Structure formats: C-alpha cells, structure tokens
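Results of the structural survey
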There are 6 protein chains.
Amino acid sequence: MARVRRRSLTHLDSEGRPRMVDVGPKRPTRRRAVAEGWIRMSPHLLRAIRENRVEKGSVLTVAEVAGILAAKRTAEWIPLCHPLPLDHVDVRLTLDDDFPGVRVEVETSLVARTGVEMEALVGASAALLTVYDMCKSLDREMEIGPVRLLEKAGGRSGVWRRPGLEGRPKRKG
Amino acid sequence: MARVRRRSLTHLDSEGRPRMVDVGPKRPTRRRAVAEGWIRMSPHLLRAIRENRVEKGSVLTVAEVAGILAAKRTAEWIPLCHPLPLDHVDVRLTLDDDFPGVRVEVETSLVARTGVEMEALVGASAALLTVYDMCKSLDREMEIGPVRLLEKAGGRSGVWRRPGLEGRPKRKG
Amino acid sequence: MARVRRRSLTHLDSEGRPRMVDVGPKRPTRRRAVAEGWIRMSPHLLRAIRENRVEKGSVLTVAEVAGILAAKRTAEWIPLCHPLPLDHVDVRLTLDDDFPGVRVEVETSLVARTGVEMEALVGASAALLTVYDMCKSLDREMEIGPVRLLEKAGGRSGVWRRPGLEGRPKRKG
Amino acid sequence: MARVRRRSLTHLDSEGRPRMVDVGPKRPTRRRAVAEGWIRMSPHLLRAIRENRVEKGSVLTVAEVAGILAAKRTAEWIPLCHPLPLDHVDVRLTLDDDFPGVRVEVETSLVARTGVEMEALVGASAALLTVYDMCKSLDREMEIGPVRLLEKAGGRSGVWRRPGLEGRPKRKG
Amino acid sequence: MARVRRRSLTHLDSEGRPRMVDVGPKRPTRRRAVAEGWIRMSPHLLRAIRENRVEKGSVLTVAEVAGILAAKRTAEWIPLCHPLPLDHVDVRLTLDDDFPGVRVEVETSLVARTGVEMEALVGASAALLTVYDMCKSLDREMEIGPVRLLEKAGGRSGVWRRPGLEGRPKRKG
Amino acid sequence: MARVRRRSLTHLDSEGRPRMVDVGPKRPTRRRAVAEGWIRMSPHLLRAIRENRVEKGSVLTVAEVAGILAAKRTAEWIPLCHPLPLDHVDVRLTLDDDFPGVRVEVETSLVARTGVEMEALVGASAALLTVYDMCKSLDREMEIGPVRLLEKAGGRSGVWRRPGLEGRPKRKG
C-alpha cells in the first residue's frame, strides 16, 4: 500500500514516480556548464603520477579520455537525464601539490532545451575514478571529492556562478 | 618526440602506454569491496527528499537503481578495468541530518581474478550523481564527496579496512 | 545464390538488405507517441507487489526507471531505429486487480524528423520485463502482452488513435 | 516519510530498496531457458514479410540479430539482472498464418550461478519489437504478446516446463 | 615530467591533452559521407558466402545490421567524436570475385555542426569485422582493408572526392 | 519466398538464420590472440604525430585507450560474438616511417570456452579509427588496413601462426 499512501501524503508531482522533466516547451539555447572535482592522495603517489611512474600508464591522459567518453554518455548513467548531443567537452586534469592530489575541471556546452551540468559532473567523476583505478595499487586511501558545479549558463535562469569559491578545498579533519 | 623521450626516462612498464594489468596468472577467489560516498546539501533539500517532495520522484530508490546499473558496467566507464560478472551489488542510501546530506554505501562481491573496488566506487558515484540530478532544481550548490573505499577482501592481499574512520566526514572550512 | 536470387524476384527496395529509412528530407516537427503494455500474473503476486513484499524491492519504481532508461536507448536495441534525443519520456505503472496484473503506459515526445513510437513501445517492454524479473521467484507463469501503440501524433500522417480500444485486454482462452 | 514508513510495515527484505540477489553462495551449474513470444498482425502484412516485400529489409534475419544482441546485454536493460557470459543464444522466428503473425522462440544457456530466463525473454521481446519497427509503416495495429517462459533447467529447482501450453495463443476478444 | 615537458615543446593546442573540438560556433548544415572497405578472403570462402553455406548464417545481412548499429554508436567507440543523431545510414555489401572478397560501402548523412566521416568508416569496419567473425572457422587468414573515405560533403569545406580511385585495391605483394 | 527457398537449397545449419555457436560443450582453457593493423598516411602527418602537434591531442595514447575499451565490448559490435570477461588486453601503437604510417598490435587473453581473436581484431580497428579521427583534419586520404590475425593459441586447434608474414605490408599499386 506504500505507493498509494504516498500519493495521498503529497501533491501529484511528488508521488514518488520517477519523472523525466518534459523539456519540449523550452526553447533551444546555447548552454554551458563548468564543474570541478578533486582526488586527495599521498604526496608519494602524486610524485609518481608526475614522473609517469604509474604501472598502468599515463594517468592524466587516460583519465581525460575517460571523462570525455563518460560525459557523452551521461544519459545512460543518470536515469532521468535527457540524451544530449554535446557540441563540446573539455576535461583538464592538473596536479596540485598543496591539496595534495589531482584536480579536474570539465566544461561542456551545446545548443539544447536543457542544461549540461550533469554532463560536466559525470565527466569529472569518471576522470577521478579513472585516476583512482590507475593508482590504487600504490594508495588505497585516496578520496574523491568534492565534485561540484562551478558555473552554469544559458536557459531561463541565465548565468550562475558558485558563490564563495576559495581556491582549493580545505583539508578534512 | 615526447613519447620516445618518456621511454628513455623510465623503465619499460612506465613508458606511459595505458596498460590493462594481466590478471590471467591470478587464481579466481571470492572478492568483496565496500565503498561509501556522501553528498552535502541544504537542510531544506534534505527535508524535501525525506518527505518525497522532489519533483523528479523518489530520490533514494532511483539513485539506488542507478548505482546498481553503473556498478555492473564499470568496465565501460573506467578504461583499464576488467569486465567482471558481479555476483552481488548492494547500494544503500541513507539520509543524514548532521552532515547534512545523503550517504551511500555500496557492497560488491564476486569470484574473480581481480578485485571489485572500482565497481563499488563507481556504484557510489553514480548513485550520488543521480541524487544531484534529481535535486538540482532545488539546490545547485550540493557537493559530492568524499567517495572512498572502506573495505576490500579476497585475493593475495587479504582483508584491508580503511584506518581511522571517524563516522561522518568533517565539514569543510 | 539466395541473395542474388532475391534481387531478381522483387523490386529494388525489397531485396532484403536492411535499410534505415533516410529521414533527412522530412521536416523536424513535434512528435508524440503513447504505448501501453500489460503483464498478467497471479492475484497472489499482485497482492505482494501492492504490499511491497517482493524481495527484490519496490517493483513499480524500479520498472519505471528501467522503462525510461530503455526508451532513451531504443536505437541500440532496435537495429533500424534512428537515434533520437528525446525531450520527454513518461512511464507509469498501475496495478489492475481485474486483469489481474500490471499495466504500463508510456508517453514519449520530441522534435524530430521521425516518430517516437518505438521509444514508447521499447520503454513499455523494458518496464514489463523488469516486473517479470523482480517477481519471477514468486510466479514463473506471468505473461507479457499485449504491448501496443495507442496514439501517435506529429509528422505527415497527423494524429492516429488506435481504433476499438476496449479497456483491458480480454483473458486468453 | 514514505521510506521509513514502509520499513515498519514489512520485514527487512521488503523495505522497498532495490536488491540484486547475491548469487555468490550458489554453485555454478549448467542453466538453460526457453521463451516464446508472438506478434499479431494483418494477413496482408504477414504476406509481405513472407515475400520479403518490406521496405526496411529482410525482417526475420534482422529481428533474429536484434534478439541475439539484446539477450547478450540483458543486464543493461533489466536493472537487477546479473551480468552473465552467455554460452549460447538461439533466436528463431517463424511465420504463422493462423495466429496470424510471427512467433519467436529463444533458447539461452550457460554455466552460471543464476538462471538465464531473463536473457531468453529479453531476446524474444527485442526480436518482436524489431519486427514491429520494420513493418510499422504497413500496419500500426500490430500487438506484441504473449511473451512468456516455456522452460527452465538447471540450478536448485531443476527442470520446469510451462503447464498447459495449447500451441498458439487464443485470439483475444 | 613528460607532461610538463611536452607543454614547453609545443604550442598550447598540441600539449597532448585529448581535445574534443568545439563545434558550437559552426552552423548546422546537411552533411554526407561515403566510405568503402574491403576484406580479402580465399575464393573457396567467397563461394561459401555466395551459396549461404556459412555455419553462422546469412553473412551479408548480419554484417549490414552490424554496420548500421555500429555507425549509430560511433561516439562510443571513438573517444573524441561528437554524438550525432544520424538521419541515414546505408550499408551495402557486395561480393567481388576478382579481389577476391567482400566490399562494403557505407553512406551516412545528417544535419549537424560536424561531419559524418567517422560514422561511415566505423560502419564499414564493423561490417567487415562481422564478416570475419562469421567466416573465421573457414579461413583465418582473411585481411581487412583498405577501409577509406570516398566522399565527404557539407560544411565549410564543401564537397571532397577521393582522388585517383582505381576501382578495386591492388593485390598486396 | 527467399527464406523458404534457401532452406531447401542447403542443410539445416546453413539456412541463413544467424547463429551464435553454442560453446557450452567446450572446456574452458587459456586462450590468446594477437592481431595487427596498419594505417597509411602522409609522411607530413606522421611527423606531426611524432612531434605531438595534432590538434586533438596525444594520438597514440588516446588510440590505445580506444582499442582497449572497444576490445572489452566486442560482443556489442559483433552480433554473433560471445560476451567474454577478458583477463588481458594489450594495445601498442608504433610509428613506422617506411610504411609510412602507424602500426597497432593487440594481444588479448582469457580463460574461456571460445577464442579471443575478434577481441584483438576489434581492438586494432578501433585504435586505427581513432588515429584517423584525430588526424583527419590534416589528411583525409589515410587508409586503414591491413587488419589481420597474427596468432591464436588455446582450445582444440592449438597454436596457429599466420604463415609468410613479411614484416610490413607492401605499398598498394
């Protein structure tokens, strides 16, 4: 009876049935999104990546390819995302000695009826997971995150920029 | 010339060519991994999820399905992962008022020649990205992370548990 | 010689070579399709779904997610379908005590050069197959069908509605 | 609160969280399944298929390929299915003047810890949907169904055969 | 250090980071491409294909289906390709006694911001690989190639036709 | 009638129905395959790849990643291939001034009931297509081929090596 009960609890739109928002009524406009992500690791591992001494190969390039491929297939990973024919995906990984770890920045853009934030966030996550995979034999304790949206442009809501971005995320703990 | 140069810099295995580790010589054993992930959000949004008032539907169930599906296809997203016929994937999301946000825990297991950490981490990431997608109209500032391995068992290296796990991750900043 | 023979038997278009129709000359217009599908089951199982006592989880929500995901990837399942960037997929499952079983209705829409019937029918099939999968330990004799198109709008042929729809399909036998 | 409420309604296993059954404890044995499916159509269309006069090409062969491909990827369409390395898929379509329509029979087999019913049912559905797609310009009123399991062998429960199979399904209505 | 070094070696665009070209600034126009491919085989095998005596089935039709399906998913195979909603794919295999072997010609078209050459080349390759797979029990020494672009139209660069095409490729050696 | 006619022409197994060979009766053994492929290009382009001056990025690494990913998904591109859990894929690209062009060598291995030749050939093709894609703005006349099997080991037929391999393929014409 759970399903019926939920229906009576709340209004129609929140009955719990998964819903892909209908973007048909929206106008196609140029959309753009930027996301960033981080993976924290030991300074020892960071040095190995920089010196290309990771057994599985050139970490940054492989992770960038993984990020691009994943961004293009976002609608397969994320159930309620619309399939979007991306015009552009840019995935850029950089090493950060202070974090310490690797930072990824992903920019996506296209002309469409809905935004491309998810594509940017998915690309960032896939790139970081690939870094983890390639380096896990050296450091199992790596932590992925934060992964977050930095910017979003296009569509009804115009340009949004993440407030209060303080450079690199603080160390936990 | 970069490629040639790298070759002379380092030993053969780290020339930068992406390499899928040959697991043929390993024995198939029962493998198990547990990963966790977090997404930080406003208390307002957390309440909306709890009360099932998110327009896109029942957030936790949809995210759990997304996590299971993604874990099964890990070798498609992560270039150097082996395709693995998983025996089991368990994706469990819980709401956490103190974080505040949603925590996901993923457990994977199978009998294979290589470990299932990546499947657990990919499942956790996909579940959290799905939470982001379903809730982004209410809160764009959500942050995914940390996503990290908690436990790994099976294979040559036996059982590993993440040291110093202090319950929920500290607030950044 | 079969191939050559077929060529001489019939006119060029029906030589048997699979052919994806060229939709280039058509104008993009708003297209819409509605399909329905049924799965017949024991009253006992229907009750278990209603009371959420199926071991694999919340049947209706998981099946709805499966339907949405499959509809988006129709061109991968169905060889001669065009890849279409759907604007909208709606998958709605309901329990029917009289059939007895579960009914799914799928609505799809987009602006494109070709129709979205297949997306609706694929979404319906995937949702029903998911119901079967989640419930098969309780009832192996479930039957999927009929799955059929109810409505189609947009494009040259305008609006079509299935004639003589009598509510729920008759019991076989 | 729906989620919490459901938990108190029923025992732990049926809290509604989607669950991929853990097949790790099961022994790998040879598994086999047979499913059938039907698509009802006008005698006119059936004749066109038989005479290979369908514009999109050789309907039966294309549908058989679609069935095989879909069966292999069952775990992508059906969320809680295990990925299974199939040893064999056989998809056979035949024309039936009395139904009238096309019948598909799919047999799947492998050595695994879980059964292959879903692979057989998915293969049957994809083959029938492909028939629909290739013929829909001639007859929109085709109906897919019944799609059902005929036989299942291997594993703890031994051999099961569908009781009371009366040849071709009765005409509805 | 390889990565940093490369940066100083060359200008920004060729630092080695994989880059999906931004096609956003381009205008959508009708694009078209034609590719061809060949597979060389023994006259004995060619005869078996012609007489439909290959154990795995009707080689040409299955290969044509494979070519169409692969062309539609080009952006999954080829990392830096844009996902493109194809309007049309035509895959045509013919037997050639003089080569001897099978020739495939693939034509692709759509309205987009970027060309469809890769789709045509991918379709040709997948069709030829499928021929190899279906026939390999009879002749392991088959050779695929040349696979090459014949024509490309649309976009800034207008119509291009491969110069000096001499009918069938010369015998190697 | 083509279909029926074919049936009477030949014995049951060659009626033209696509058939995935049943590998169930075979014993799992260690299998291995090596394939090679070539892409011919202008010396000018070859130099640009060597000096990493290709706009789309580091050609060899991206192509190697593409080859690995495609090999793992061979059963999706090639309709009658069995899904195989690869233990190992090695994709190695080298520049060849004399051809002139790029050579790829792919080695695949696993323990299974059927061989891994197709995985090696698919990996080689995808890597070469990726080279084409990344370089096509500099040279549209590149030609892919030959792509061919060099070696195959394991299973009933033991070790096979391609006879008469003369180093690099001769120039056409």
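Residues numbered from 1 in each chain as written. Chains lettered and ligands numbered in written order. Predicted model: local features only at pLDDT ≥ 70, side-chain atom pairs only at ≥ 80, totals over all residues. Heavy atoms only, no water.

Some thoughts on the overall build of chain A
Along its length, chain A carries five helices and five strands. In chain A, which comprises 173 residues, the proportion classed as buried is 69%. In chain A, of all internal contacts separated by at least 6 residues, the share reaching a separation of at least 24 is 71%. For chain A, the computed accessible surface area is about 5,800 Å², with 49% contributed by carbon and sulfur atoms. (Helix = DSSP H or I, 4+ residues; strand = E, 2+ residues; numbered from the N terminus. Buried < 20%, exposed > 50% of the residue type's maximum accessible area, 1.4 Å probe, protein only. Contact = heavy atoms within 4.5 Å. Areas by Shrake-Rupley, 256 points an atom, 1.4 Å probe, with all protein chains shown as cover.)

Topic: the interface of chain A and chain B
Chain A puts 59 residues into the contact, and the matching count from chain B is 58 residues. Both sides of the chain A and chain B interface together cover about 5,100 Å² of buried area, and 60% of this is carbon and sulfur. At the boundary of chain A and chain B, one finds six salt bridges. Notably, a salt bridge pairs R73(B) with E76(A), separated by 2.7 Å at the nearest N-O pair. Where chain A meets chain B, there are 12 residue pairs in polar contact (both at pLDDT 80 or more). Of all elements in the fold, only α3 (59-72), α4 (74-77), α5 (117-135) and β4 (143-153) of chain A reach the threshold of two or more residues within the side of chain A that touches chain B. (Buried area = accessible area lost by both parts, 1.4 Å probe. Salt bridge = Lys/Arg side-chain N within 4 Å of Asp/Glu carboxyl O. Polar contact = N/O pair within 3.5 Å; in protein donor to acceptor, adjacent residues only side chain to side chain.)

Observations concerning the interface of chain E and chain C
Tallying the contact residues gives 25 residues for chain E and 23 residues for chain C. Interface area, chain E with chain C, both sides summed: about 1,900 Å², of which 52% is carbon and sulfur. Between chain E and chain C we count two salt bridges in total. Applying the counting criterion to the chain E and chain C interface returns 11 residue pairs in polar contact (both at pLDDT 80 or more). Among the elements of the structure, α3 (59-72), β2 (88-96) and β3 (101-112) of chain E are those that each provide at least two residues to the side of chain E that touches chain C.

Examining the relation of the copies chain E and chain C
Overlay of chain E on chain C (RMSD 0.0 Å): rotation 120°, translation along the axis 0.0 Å. The superposition of one copy onto the other is thereby described by a three-fold rotation axis. It is P85(E) whose C-alpha, among those of chain E, lies nearest the rotation axis, at 4.3 Å. (Least-squares fit on C-alpha atoms with pLDDT ≥ 70 in both.)

Regarding the environment of V111(C)
Residue and element names in this part refer to chain C. Counting through the fold element by element, V111 comes out in strand β3 (residues 101-112). On the basis of relative accessibility, which here comes to 30%, the residue V111 falls in the partly exposed class. Along the sequence, V111 and V91 sit 20 residues apart, while their C-alpha atoms lie 19 Å from each other.

Points about the packing of aromatic side chains
For the structure shown, the criterion picks out nine aromatic pairs over all chains. A centroid spacing of 4.8 Å and a plane angle of 70° characterise the contact between W77(E) and W77(F), whose relative ring orientation is edge-to-face. Residue W77(E) is found in helix α4 (residues 74-77), and its partner W77(F) is found in helix α4 (residues 74-77); the two belong to separate chains. Accessibility classification places W77(E) together with W77(F) in one group, the buried group. R40(C) extends its terminal NZ or CZ atom over the ring of F99(C), reaching a point 4.0 Å from the ring centre. (Phe/Tyr/Trp six-rings, centres within 6.5 Å; stacked < 30°, edge-to-face > 60°. Lys NZ or Arg CZ within 6 Å of the ring centre and 35° of its normal.)

So, the side chain of T130(F)
Take T130(F): it is sitting in helix α5 (residues 117-135). For T130(F), a relative accessible area of 1% translates into the label buried. Filtering out sequence-adjacent residues up to four positions away, T130(F) remains in contact with W77(E), I78(E), P79(E), V62(F), A63(F) and A66(F).

Concerning the relation of the copies chain A and chain B
When chain A is fitted onto chain B, the two copies agree to an RMSD of 0.0 Å after a turn of 180° and an axial shift of 0.0 Å. Taken together, the rotation and translation relating the two chain copies correspond to the operation of a two-fold axis. Measuring from the rotation axis to each C-alpha of chain A, the shortest distance belongs to G145(A), at 2.0 Å. When you check the interface residues of chain A against chain B, 98% turn up at the interface there too, and the contact is symmetric in its surfaces.

Brief notes about the environment of M118(E)
Looking at where M118(E) falls in the secondary structure, it is placed in helix α5 (residues 117-135). When the C-alpha positions of M118(E) and G57(E) are compared, they lie 28 Å apart, and in sequence the two are 61 residues distant. M118(E) has contacts with T74(E), I78(E), C81(E), L129(F), Y132(F), D133(F) and K136(F), leaving out every residue within four places of it along the chain.

Focus on the pattern of salt bridges
If you walk through the whole model with that rule in mind, you get 102 salt bridges over all chains. Across the salt bridge formed by E36(C) and R148(C), the nearest N and O atoms sit 2.7 Å from each other. Taken as a pair, E36(C) in strand β1 (residues 29-40) and R148(C) in strand β4 (residues 143-153) lie far apart in primary sequence, 112 residues in all. R148(C) carries the same exposure label as E36(C), and that label is buried. Residues joined in a network through salt bridges with shared partners are R73(A), E76(A), R73(B), E76(B), R73(C), E76(C), R73(D), E76(D), R73(E), E76(E), R73(F) and E76(F).

Some details on the state of the cysteines
Considering all chains together, one arrives at zero disulfides over all chains under this definition. Here C135(D) is not cross-linked by a disulfide; its sulfur's nearest cysteine counterpart is in C81(C), at 13 Å. Since its relative accessible area comes to 0%, C135(D) is described here as buried. (Disulfide = S-S within 2.5 Å.)

Description of the pairing of β4(C)
With respect to burial, β4(C) is a largely interior element, 11 of its 11 residues being buried. Where β4(C) meets strand β4 (residues 143-153) of chain D, two bridges bridge the pair, whose relative direction is antiparallel. Bridge assignment links V147(C) to a residue of β4(D), and that residue is I144(D). Pairing between β4(C) and strand β5 (residues 160-161) of chain C: two bridges, direction antiparallel. Across the sheet, residue K152(C) finds its bridge partner in β5(C), namely W160(C). With antiparallel pairing between neighbouring strands as the criterion, β4(C) and β5(C) make up a hairpin whose turn holds six residues, including G154(C) at a positive phi of roughly 100°. (Pairing = 2+ DSSP bridges.)

A look at the side chain of H82(B)
Structurally, H82(B) is set in the loop between α4 (74-77) and β2 (88-96). Taking the relative accessible area as the measure of exposure, H82(B) reaches 7% and is therefore buried. Here the side chain of H82(B) touches D87(F) through a polar contact of 3.0 Å, landing on its backbone oxygen. Each residue touching H82(B), except ones within four places of it in the same chain, is listed here: M20(B), V21(B), V23(B), A75(B), T114(B), E119(B), L86(F) and D87(F).

Considering the environment of G123(B)
All names here are of chain B. Structurally, the position occupied by G123 is in helix α5 (residues 117-135). For the pair G123 and I68, spaced 55 residues apart in sequence, the C-alpha to C-alpha distance is 6.0 Å. Discounting chain neighbours no more than four positions away, the residues touching G123 are G67, A71 and V106.

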